[in-house]
Amino acid sequence: MAFSLRGVRVPPNSASLEEARRRTLDFFKSACRSIPAIMETYNLYDVVTVSQLRSTISCEIRKNAHITDPKVIDVLLFKGMEELGNIVEHAKQRHHVIGQYVLGRGGLVQDLGPKDEGTSEFLKQFYASNYF
């Protein structure tokens, strides 16, 4: 299963924006086809679903939708193929995949509340003073 992506390579230069767009869609299809193998390899069934992982991949691709230079798109495709190859060949550990693609770049969102709820009045005044 890890050897299925070895034949897929990004050519060095796209002739036009349409060709770069087609290569991007081919990359997206190959990434989506490798999701079941990734889910099995990293045992992600208890953390994320296949559709959530697919939407994460699509968000990563759409993040660069404003780029119109085919050479820049080719570089991004190369980086994406390298990242996908590393994940499929198990060059990353489970917590790397979960941290980057399940939780996202923002990290955990559970600590959004105020930080000083359990702090005493003395510490609040101390932190507000110039001694800190």
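Above this note sits the structure.
This write-up is about the structure you can find in this document. Since the model is a prediction, treat every value here as computed from it, not as a measurement. (Residues numbered from 1 in each chain as written. Predicted model: local features only at pLDDT ≥ 70, side-chain atom pairs only at ≥ 80, totals over all residues. Heavy atoms only, no water.)

### Regarding the overall build of the protein
(1) Moving on: Looking only at helices and strands, the protein features six helices and zero strands.
(2) Moving on: When its helices and strands are written in sequence order, the protein yields α-α-α-α-α-α.
(3) Moving on: Put simply, 70% of the contacts in the protein that link residues at least 6 apart link residues at least 24 apart.
(4) Moving on: Working note: accessible area of the protein is about 9500 Å², and carbon and sulfur atoms make up 56% of it. (Helix = DSSP H or I, 4+ residues; strand = E, 2+ residues; numbered from the N terminus. Contact = heavy atoms within 4.5 Å. Areas by Shrake-Rupley, 256 points an atom, 1.4 Å probe, with all protein chains shown as cover.)

### A look at helix H4 (residues 70-88)
(1) Moving on: The end-to-end C-alpha distance of H4 is 26 Å, a good match for the 27 Å that 19 residues give at a rise of 1.5 Å each.
(2) Moving on: Every buried residue belonging to H4 is among Pro70, Ile73, Asp74, Leu77, Gly80, Met81, Leu84, Gly85, Ile87 and Val88, and all of these are buried. Seen end-on, H4 carries its buried residues on one side only, within an arc spanning 155 degrees. In H4, those exposed residues whose orientation departs by more than 90 degrees from the buried face are Lys71 and Lys79. (Expected span 1.5 Å × (residues − 1). Buried < 20%, exposed > 50% of the residue type's maximum accessible area, 1.4 Å probe, protein only. Arc of directions from axis to C-beta.)

### Comments concerning the pattern of salt bridges
Two side chains that carry opposite charge are able to pair once their charged atoms sit near each other.
(1) Moving on: Considering all chains together, one arrives at five salt bridges under this definition.
(2) Moving on: Ionic pairing is found between Arg23 and Glu19, a salt bridge with its closest N-O pair at 2.4 Å. Of the two residues, Arg23 and Glu19 are both situated in helix H1 (residues 17-33); the distance of four residues between them amounts to about one turn of the helix.
(3) Moving on: Residue classification places Arg23 among the buried residues on the basis of a relative accessible area of 13%.
(4) Moving on: For the salt bridge of Arg94 with Asp46, the shortest nitrogen-to-oxygen distance reads 3.0 Å. Note that Arg94 is positioned in helix H5 (residues 94-102) and Asp46 in the loop between helix H2 (35-42) and helix H3 (50-62), a separation of 48 residues in sequence. (Salt bridge = Lys/Arg side-chain N within 4 Å of Asp/Glu carboxyl O.)

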